[in-house]
Amino acid sequence: MNNQSTKSEEAPLEGGLQSQPVQTPISQELLGEVSLSPTGEFEAGSFQTFTLIYTAGKYGIDDSGSMRVCFRFASDQSRPQFENPEAVGYTTIEASNNAILQYRYDRKGNVRPWGVTLYIKVVNGFLSEGDTITIRLGDTRKGSPGLRLQTFCEDSFEFHVLVDPIATCVYQPIWKQPVIRIVPGGPEKWIGVIPTQRKAGEKFPLKLKAVDRWGNPTNKLDTTVHLRAKGSVHGLPETVTFSPGDFVQTVHNLSVEKPGDVLIRVEDASGNCLCETNPMRVIEGPELYNFWADLHGQSEETIGTNSARKYFEFSRDLAFLDATGHQGNDFQITNAFWSKLNTLNAEFNEKDRFITLPGYEWSGNTHLGGDRNVYFPSEGRQIRRSSHALIPDKSDMHTDATTAEELFQAFEAHREDVVCFAHCGGRYADVKLAHDGRFERSMEIHSSWGTFEWLLNDAFEMGHRVGIVANSDDHKGRPGASYPGASLFGAIGGLTCLLMPELSREAIIECLRKRRHYATTGCRLLLDVRAVFPQGGTVYQDNPATGQFQKNETNRAMMGDMVQIREGKALLRVDALASAPIQRIIIKNGPHIIEEIRPYSPSELGDRICVIWEGAEYRGRFRQVIWDGEATLTGNHIVDFRPINFFNPHKKLECIDGTRLKWQALTTGNMGGFELRLREAAGGVLKLDTPLIKCEIPVKEIGYEDTIFDNSGILPRSIRIFRLPSENPHRSITIEREIDLTREKDNPIFVKLIQEDGHVAWSSPIYLFRNFPST
């Protein structure tokens, strides 16, 4: 074959990498056309073969002209490769007239959102009208299983074809782009959701769905499930039936008459457990209710997947959220799209059912302040962009705020009613460079990009008084239920639990300003953290250092409060009701650990051991730590094993012969690992072999406290090994601890809860201090 392949995934492409395609397609007659076979619906994550044929128009493609087949940034379909005909993604490309072609793949080979690019250049010869270039994506003729499609659903997955027929480095979009639909697979996992807290006798719903192996809600169901309550739930039917086409079933008007903790078990016809709901605590009369939100994600109009309307529908109807916010990159939000977002926010906002927060992501470069989320209490507000990088209309550039400091200054100058978060996505927020506590109230320390506790520590170091939130930063059309799939995202998207008297936009803004919320890595649990100080103290709703604050004298505080205690200690009270057995609770004063508390004693330890790896390479985009490796057990035998935070079904934890495990895994600041149940609780030696850490330890030395093997770089990277009880029934815990306070500075007191299933929760700090700090 007279074709050549040049392989380079990240190397710059010849021929105008940064040139933006013309917005209005020229005629099909001049530019040519594209056909795709097959078309229709395809299961997410399935292996397929597609034949894409470009037929040259009157222009043809001149010598050194080229074409691009582009896919959206978020797509995690397998990489086209040209070397191994038996491997996944094998791709062949040929010209009908035997012109020599040069081709390569680049994840950033075109203007966003169409960045993922297959680039094809005519290097010897040319194409005349009617000549073709045939691309077989996932060519199976020599043994390849095909191209694995992206792992999430999309109504219109586009093969976005651009052509440079004149060799001018100006790429013209084909008039009619090929499109397929990506749909969910069959059910692999069931999910049930009930509220986290309710008043005795108050009505509540049960919401049920099933998801496929990649976390997509599926409607490929024809089954009846059985419901069993742990606790007395009035109105609960014995069964619920899903018919083909049903994504969700909701059971309304349930109630629990007496205080206590309940959950609902979902079973198949044989009594096997399909899932359990999150737990719910029923009390006589709560001051505040727990509402669940994912306030950060994008849709296809910027760099996400599916439309903005679908974004809001998924949040409400399939993720079972109480509130959401759309956060598109500002430099892609045109005035027309900003108007559309405002209209959608108003349409979907419904008190006591589902709340939307208007806003956007201020997406400044890292050295200018980095990513910030901006939220408004109402529609129709001025968007102050970091730039107009991808906005053709430059007429309103005078409204831009090109640095985070300028953004906060603009909010002050215009007396903006606004709430902001700092976060880490592709860019990371530099809160040492810019922060204004009047507007920026919280740090987002977990999303589908990973876990970023260092961002919170930066805030503590600078004396910033902030809350803690987690969101998805979803790009895959699944806000509130975002799974990482098979690409660079390393975690399940987070959730924020808002503590409010009612579900309304006004209550959310007030909650965010007071930092009365906690964050999780996607699970729904109850976490109540309070401080009591009988000697009395002064509680401030805003930072008293600003000179603008409300205060009141009291002897108690809750998460998010700022409290001046002139003398004496504080009593910390923690009450948690988890969605899985509790591994530990860590009480912290800023970055420092005060105490680690496990719900079991050393005498309860048994035959289970846990291996946890965690960490990130650095703060920027390429933060992944690869933990691919093996574990070998000598002098003992593995009775059972369980993976922790293995999200990609193609990268499994495998037991080879009862003495050896193999895996592929990565972390992006979050954690993963596995749990082993051993034949002999104290026998043998465990050896671990990963690219970063190689270690071994006698099993008898694995105990209550962590054995840590550290290989930290710019950020922490380590493996922890510890022992667990044979059975851990502890899903609730109540703790009281006296806290000594440092006089010279803030005491940000908060807790981090870790479950055995790998989920984590963080309370927003209670800021205790003796004297007003300087910042």
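Residues numbered from 1 in each chain as written. Predicted model: local features only at pLDDT ≥ 70, side-chain atom pairs only at ≥ 80, totals over all residues. Heavy atoms only, no water.

J.: Account for the side chain of Asp607, with residues named and values stated.
T.: Structurally, Asp607 can be placed in strand E42 (residues 605-615). A distance of 3.0 Å separates polar atoms of two side chains, one belonging to Asp607 and the other to Arg677. (Helix = DSSP H or I, 4+ residues; strand = E, 2+ residues; numbered from the N terminus. Polar contact = N/O pair within 3.5 Å; in protein donor to acceptor, adjacent residues only side chain to side chain.)

J.: Let's hear about unusual backbone geometry: which residues, and what values?
T.: That bond from Ser37 to Pro38 is cis: its omega, -5 degrees, falls within 30 degrees of zero. For Pro38, the position within the fold is in the loop between strand E2 (32-37) and strand E3 (41-43). Residue Pro113 is reached from Arg112 by a cis peptide bond, and omega for that bond is 10 degrees. Topologically, Pro113 is positioned in the loop between strand E8 (100-106) and strand E9 (116-124). The residue Ala167 is not glycine, and still its phi comes out positive at about 60 degrees. Checked against the element boundaries, Ala167 lands in the loop between strand E13 (160-164) and strand E14 (172-173). Here the phi dihedral of Asn306 falls at roughly 65 degrees; this positive angle occurs in a residue that is not glycine.

J.: An account of the side chain of Thr92 is requested, with residue identities and associated values reported.
T.: Within the secondary structure layout, Thr92 lies in strand E7 (residues 91-95). Looking at Thr92, its side chain comes within polar contact range of the side chain of Asp139, at 2.8 Å. In contact with Thr92, other than residues within four places in its own chain, are Thr134, Ile135, Arg136, Asp139 and Arg141. (Contact = heavy atoms within 4.5 Å.)

J.: Can you lay out the pattern of salt bridges for me, pointing to particular residues and giving the numbers?
T.: Applying the stated criterion across every chain, the model contains 54 salt bridges. The partner of Glu94 in a salt bridge is Arg136, and the shortest N-O contact between them spans 3.8 Å. With a gap of 42 residues between them, Glu94 in strand E7 and Arg136 in strand E10 (residues 132-137) connect regions that are remote in the sequence. Glu94 gets classed as partly exposed once you look at its relative accessible area, which sits at 25%. Where Arg353 meets Glu350, a salt bridge forms, and the shortest distance between an N and an O atom there is 3.3 Å. A network of salt bridges, in which partner residues are shared, links Arg584, Glu596, Arg598, Glu614, Asp706 and Arg720. (Salt bridge = Lys/Arg side-chain N within 4 Å of Asp/Glu carboxyl O. Buried < 20%, exposed > 50% of the residue type's maximum accessible area, 1.4 Å probe, protein only.)

J.: Tell me about helix H6 (residues 505-514), and please be specific about residues and values.
T.: The element H6 is largely enclosed, with a buried count of seven among its 10 residues. Turning to H6, its buried residues number three or more, namely Arg505, Ala507, Ile508, Ile509, Cys511, Leu512 and Lys514. At the C-terminal side of H6, Arg515 shows a positive phi close to 60 degrees.

J.: Now, about the packing of helix H2 (residues 308-317) against helix H3 (residues 335-348): what can you tell me, with residues and values included?
T.: Where H2 contacts H3, the two axes come as close as 10 Å, and the packing angle between them is 25 degrees. As the angle between them shows, H2 and H3 are arranged roughly parallel. Pair H2 / H3 crosses with right-handed handedness. Contacts between H2 and H3 pair Ala308, Arg309, Phe312, Glu313 and Arg316 from the former with Phe337, Leu341, Leu344, Asn345, Glu347 and Phe348 from the latter. Taken together, the residues of the contact of H2 with H3 break down into six nonpolar, one polar and four charged. (Axes fitted to C-alpha atoms, helices over the stretch in contact; angles between N-to-C directions. Parallel < 35°, antiparallel > 145°, perpendicular 65-115°, else oblique. Left-handed = near helix turned anticlockwise from the far one by under 90°. Nonpolar A, V, L, I, M, F, W, Y, C, P; charged D, E, K, R; others polar.)

J.: Which residues make up the state of the cysteines, and what are the values?
T.: Tallying each qualifying case throughout the model produces zero disulfides. Free of any disulfide, Cys275 has its nearest neighbouring cysteine sulfur in Cys273, separated by 6.5 Å. With relative accessibility at 8%, the residue Cys275 sits in the buried group. (Disulfide = S-S within 2.5 Å.)

J.: So, the sheet that holds strand E18 (residues 204-211): which residues are in play, and what are the values?
T.: With respect to topology, three strands assemble into an open sheet ordered E16-E18-E21, the strand pairing being antiparallel. At either margin of the open sheet sits one strand with a lone partner, and together these are strand E16 (189-193) and strand E21 (248-254). Sheet twist, expressed as the mean angle between neighbouring strand axes with direction ignored, is 15 degrees. (Pairing = 2+ DSSP bridges.)

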